Amino acid sequence: MNSTPTPGRPHGRTVALLTAAALTMSLAACGSSEESGKVTEIGFWDPYPQYDDSSDWAEYVKSCAPEGTTIKRTAAPNTDLINNLTTAVREDNAPNVVFLDNPAMPEASASGLLAPIDEVGLEATDADANLAGPGTVDGETYGVPVGANTLGLYYNEKVLADAGVDPESITDWASLNAALEKVTGAGHKGITFAGVPGEEGTFQFLPWFWGSGADLSDIGSADAVEAGQLVSDWIGKGYTPKSAVTDNQSASWDLFLTGEYAFAENGSWFAQAATEQKFPIKMMPIPSQDGGAAPVPTGGEFGVVPLHKENSDAHYAAAKEVLDCLLGSKTQIETDDMLGYFTATEATRKQQIASTEHYQPWADAISSAQGRTTDLGTSYLATSAALSKAEQAALNAAGDADQVKEAFESAAQEAKGN
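Here the structure is a predicted model, which is why all the values come from computation and not from measurement.

1. With respect to the pattern of salt bridges
This model, assessed by the stated rule, comprises 10 salt bridges. Residue Lys-350 pairs with Glu-346 through a salt bridge whose shortest N-O separation is 3.6 Å. Highlighted residues: Lys-350 and Glu-346, both in helix 15 (residues 346–354), separated by 4 residues, approximately one helical turn. Exposure remark for Lys-350: the relative accessible area of 55% places this residue in the exposed category.

2. Looking at the packing of aromatic side chains
Following the criterion strictly, the structure yields 17 aromatic pairs and no others. A ring pair is formed by Tyr-48 and Trp-57, whose centres lie 5.7 Å apart and whose planes are at 75°; its orientation type is edge-to-face. For Trp-57, a relative accessible area of 1% puts it in the buried group. For the ring pair Trp-208 and Trp-234, a centre distance of 5.2 Å and an interplane angle of 90° mean the geometry is edge-to-face. Of this pair, Trp-208 sits in helix 9 (residues 199–211) while Trp-234 sits in helix 10 (residues 222–236), and the two are 26 residues apart along the sequence. Classification of Trp-234 as buried rests on a relative accessible area of 1%. Grouped by ring-pair contacts, the aromatic residues Tyr-154, Trp-253, Phe-256, Trp-269, Phe-270, Phe-279 and Trp-362 constitute a single cluster.

3. Section: the sheet that holds strand 8 (residues 151–156)
Note: strands within a sheet are paired through backbone hydrogen bonds, in either parallel or antiparallel orientation. Pairing is mixed in the open sheet, where 4 strands are placed in the order 9-10-8-11. Only two strands of the sheet have a single neighbouring strand rather than two, namely strand 9 (189–192) and strand 11 (281–284). Between one strand axis and the next, the sheet turns through 20° on average, direction left out of account. Both strand 8 and strand 11 contribute to a ladder of 4 bridges, which runs antiparallel. From the neighbouring strand, Tyr-155 faces strand 11, where its bridge partner is Lys-282. Together, strand 8, strand 9, strand 10 (261–267) and strand 11 form the strand contacts of helix 11 (residues 249–256), whose direction differs from that of strand 10 by roughly 155°.

4. Quick look at the state of the cysteines
Scanning the model with the defined rule gives 1 disulfide in all. With its sulfur 2.0 Å from that of its partner, Cys-64 forms a disulfide with Cys-325. The sign of the S-S torsion, about -70°, decides the handedness of the disulfide formed by Cys-64 and Cys-325: left-handed. Note that Cys-64 is positioned in the loop between helix 2 (56–62) and strand 3 (70–75) and Cys-325 in helix 13 (residues 312–327), a separation of 261 residues in sequence. Exposure remark for Cys-64: the relative accessible area of 6% places this residue in the buried category.

5. What about the packing of helix 9 against helix 17 (residues 380–397)?
Helices that pack against each other are described as a pair by the angle of their axes relative to one another and the distance between those axes. Helix 17 packs onto helix 9 with a crossing angle of 80° between their chain directions and a minimal axis gap of 9 Å. Viewed along their axes, helix 9 and helix 17 adopt a mutual orientation that is roughly perpendicular. Across the interface between the two elements, Glu-199, Gly-201, Thr-202, Phe-205, Leu-206 and Phe-209 of helix 9 pack against Tyr-380, Leu-381, Ser-384, Leu-387, Ser-388 and Glu-391 of helix 17. Of the residues in the contact of helix 9 with helix 17, the class split is 6 nonpolar, 4 polar and 2 charged.

6. Re the packing of helix 17 against helix 18 (residues 401–416)
It is the contact of helix 17 with helix 18, at a shortest axis distance of 9 Å, that shows an interaxial angle of 170°. Put simply, helix 17 runs roughly antiparallel to helix 18. Helix 18 is crossed by helix 17, and the crossing has right-handed handedness. Residue-level contacts link Thr-383, Ala-386, Leu-387, Lys-389, Ala-390, Glu-391, Ala-393, Ala-394 and Ala-397 of helix 17 to Gln-403, Val-404, Ala-407, Phe-408, Ala-411, Glu-414 and Ala-415 of helix 18. Residue classes in the contact of helix 17 with helix 18 are distributed as 11 nonpolar, 2 polar and 3 charged.

7. Here's the deal with the confidence of the model for the protein chain
Looking at the protein chain, the pLDDT average stands at 90 and 91% of residues meet or exceed 70. Predicted confidence for residues 1–31 stays below pLDDT 50, and this span has 84 contacts to residues more than four positions away or in other chains.

8. Observations concerning unusual backbone geometry
In this structure, Asp-138 is a non-glycine residue whose phi angle is positive, near 50°. Tracing the sequence through the fold places Asp-138 in the loop between strand 5 (136–137) and strand 6 (140–141). For Asn-311, which is not a glycine, the phi torsion comes out positive at approximately 55°. Among the structural elements, Asn-311 can be located in the loop between strand 12 (301–304) and helix 13. The exposure class assigned to Asn-311 is partly exposed, which follows from its relative accessible area of 24%.

Analysis parameters
Residues numbered from 1 in each chain as written. Predicted model: local features only at pLDDT ≥ 70, side-chain atom pairs only at ≥ 80, totals over all residues. Heavy atoms only, no water. Salt bridge = Lys/Arg side-chain N within 4 Å of Asp/Glu carboxyl O. Helix = DSSP H or I, 4+ residues; strand = E, 2+ residues; numbered from the N terminus. Buried < 20%, exposed > 50% of the residue type's maximum accessible area, 1.4 Å probe, protein only. Phe/Tyr/Trp six-rings, centres within 6.5 Å; stacked < 30°, edge-to-face > 60°. Pairing = 2+ DSSP bridges. Axes fitted to C-alpha atoms, helices over the stretch in contact; angles between N-to-C directions. Contact = heavy atoms within 4.5 Å. Disulfide = S-S within 2.5 Å. Parallel < 35°, antiparallel > 145°, perpendicular 65-115°, else oblique. Nonpolar A, V, L, I, M, F, W, Y, C, P; charged D, E, K, R; others polar. Left-handed = near helix turned anticlockwise from the far one by under 90°. pLDDT = per-residue confidence, 0-100.

Structure below.
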């Protein structure tokens, strides 16, 4: 899934349903057209339904079609994309190229859906280890990082000033909660975040989870419960809207843009949009429970090549040309700027950040962000699903400590059973 939807485009349940239906209907034709063994229509799937066929992104992708070919792009939410990819590979009519969400990489490769990049003729990039990690499973590399993004804590300078809150005083959970009490006491609103069920919600919960000292190997620990209690109390005390239970990242950002909220946990892909508002917005690292910056997860996708049985050489050759065009060293910055991402390679990222002022506060966050699948590999998605259920229960508990504790202990049992 695209845990990091790009700003300024429609994104929500309606779009998801429509694009999922479109992807399902396209399955019969999702393989590449072939003529005498040559691929003439290249199938390309990405998880950016917010970009329609008239968008700059769609045109940019299509411009990478090798001579004598066209690119047929299909966009869908990540869950639909991976489910349909499984079917397409089984029926040997998979697309040539997919941009696959990084947490899905271990399971997709272990399930035999992807061709190793050396079979395709691609070389591993010099991407940062923390960003490239999910693409390598059991010593075999299956994808090239598209780029990277992560999470931070945006704040409305005007709201904080009105409430008498110094942003530099916010260094841990206690000081953040004190700030939330002040801003809501002054008649403003507190914090927005995305608690939507699924990977997108887990992505946003992980900084609080990791920032408590919790570990994904035990999502029922006392530390994990404290992270759940934190966000549960925010609902109970009215610091965050009840809609957080179902808000995705775009919806929670839209709430922040009303100018009524002091804080928004959200992604680096909104950094540009933050500079264009009528009220002043800045970003600080998400604080950990005991002080300092919390660990934050890496977001972003990998360019992968689905497995093909018939005419595989032609399919892989076409895929290589497209991926070289989109993710090569000469185009990496342009591609990632289009998506609101940082490049995955330190050298090009330094160029990108140096030339873009609103990216500069994010430099340390990206370089120190950690992969979601690093510790658990193929077990991550099941654990993430259980953690999502626990967070949902905690948010609905609205501060009830017994319910929060029970939710995380139950989630831990579910994760261990998978």
